[in-house]
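Listed here are the chains, written in short residue letters.
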Amino acid sequence: MSSHERWNALLAILARDGKVEVDAVAVELGVSAATIRRDLDHLSRQQMLTRTRGGAVAGAISYDLPLQYKAARHAPEKHRIATAAAALLPPGSIVGLNGGTTTTEVARSLASRADLDRQGGEPSVTVVTNALNIANELVVRRHVKIVVIGGVALPASYELIGPLADGVLREISLDFAILGVDALDPEGGAFAHHEGEAGINRLMASRAGRVIVVADSSKLGVRAFARICPCSAIDTLVTDRDAPADMVQRFRDAGVEVVQA
């Protein structure tokens, strides 16, 4: 288990239990107590937890895992999903991308598509995003026109939300919206943990001619706090090959095209 994987695991346990104890979590993760102590010290310096005698506790406020700690989760699956989703976009598309690790991979796949990089020509794809990290990666790509909506930044996801973001989205039209989600249920639809993110994602979907959700199989069949949209508003789901066949069929029965990468 790499250090990033251990940090992810420790933060997930902390979110689940509210506290961790060095000896117990060392056994759970199969590493030494000394390694866990170093990991907790590192996360404490990042202000992700509060160290205690023999372990750590969550901070006073609830948090979602920052993007930098989520990136290692299901990384091969996310890369395949992103490549398949980016391939669905024809040249000349106007596409909305929300924040998240999978949509960040979609942005990278778009940036590396040779057929979009026309020498000396105009940008061949327009990306509208509320994610600062995606804008930062794509702004140097000459074949991509970047439109960044305004708003208040969320430190965990680098996303911009709020009335300023709403105002820009209401004035534009998208060919596609590619949305990363925290949960996706065949009956309940797409969900986010944060109600502000859900609101922006819902508006982005409403401005698009076609809505594509990118989600690895761990997010399927579950719900989160704030609903983004019902499955009737989703045209395509791009997920990984580990998605259970019965779950895939439930999405298809709900009218969603399913692509497994």
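As shown above, the structure is provided for reference.
What comes next concerns the included structure. Only a predicted model underlies this, so the values are computations on that prediction, with no experimental measurement involved.

1. Considering the pattern of salt bridges
In this structure the tally under the stated criterion is eight salt bridges. We note a salt bridge from E105 to R108, for which the minimum N-O separation is 2.8 Å. With E105 and R108 both in helix α6 (residues 101-111) and three residues apart, this pair spans about one turn of that helix. Look at E105 and you get buried, because its relative accessible area is 18%. The closest approach of N and O atoms between R113 and D115, which form a salt bridge, is 2.8 Å.

2. Some points on a nonpolar patch on the surface
Taken together, L132, V148 and Y158 make up a surface patch of nonpolar side chains, about 230 Å² in accessible area. Using a relative accessible area of 39% as the deciding quantity, one classes V148 as partly exposed.

3. Quick notes on the pairing of strand β12 (residues 208-214)
The buried fraction of β12 amounts to five of the seven residues, a majority that puts the element mostly inside the structure. Where strand β9 (residues 174-180) and β12 come together, six bridges link them in parallel fashion. In the strand pairing of β12, F176 is matched with R210. Pairing of β12 with strand β14 (residues 236-239), which is carried by three bridges, proceeds in the parallel orientation. Each residue of the ladder has a partner; that of V214, found in β14, is V238.

4. A closer look at the environment of D240
Tracing the backbone shows D240 in the loop between β14 and α10 (245-253). A sequence separation of 20 residues divides D240 from Q260, and the C-alpha atoms of the two residues are 4.9 Å apart. The contacts of D240, once residues within four sequence positions are left out, are E77, R80, I81, A215, D216, S217, Q260 and A261.

5. Structural notes on the sheet that holds strand β13 (residues 226-229)
In any sheet, the strands associate via hydrogen bonds between backbone groups, in a parallel or an antiparallel arrangement. The three strands are arranged β10-β11-β13 in an open sheet whose pairing can be described as antiparallel. Only two strands of the sheet have a single partner each, and these edge strands are β10 (183-185) and β13. Sheet twist, expressed as the average angle between the axes of neighbouring strands with direction ignored, equals 35°. Pairing geometry for β10 and strand β11 (residues 189-192), over three bridges, is antiparallel. Bridge pairing in β11 places D185 opposite G189.

The rules behind these values
- Along each chain, residue indices are assigned from 1 in the same order as the chain's sequence is written.
- Two thresholds apply to this predicted model, a pLDDT of at least 70 for residue-level local features and 80 or more for giving and counting side-chain atom pairs, whereas whole-chain, interface and lining totals are computed over all residues.
- As a convention, hydrogens and water are excluded, and side-chain values are obtained from all of the structure's heavy atoms.
- Think of a salt bridge as a Lys or Arg side-chain nitrogen and an Asp or Glu carboxyl oxygen that are within 4 Å of each other.
- Each helix is a run of DSSP H or I of at least 4 residues and each strand a run of E of at least 2, with the numbering of both proceeding from the N terminus.
- For every residue, the accessible area (1.4 Å probe, protein chains only) is compared with the maximum for its type, and the residue is labelled buried under 20%, exposed over 50%, or partly exposed between those bounds.
- Patch rule: a residue counts if its relative accessible area is over 30% and it has no salt bridge; like charges are joined within 9 Å, and nonpolar side chains (Val, Leu, Ile, Met, Phe, Trp, Tyr) within 5 Å.
- The protein chains shown are the only cover counted for residues, whose accessible areas, like all others here, come from Shrake-Rupley with a 1.4 Å probe.
- Strands are treated as partners if at least two bridges between them are detected by DSSP.
- Here a residue-residue contact requires only that any non-hydrogen atoms of the pair lie within 4.5 Å.
- Only the contacting stretch of a helix is used when fitting its axis, a line to C-alpha atoms as for every element, and angles between N-to-C directions run 0 to 180 degrees.

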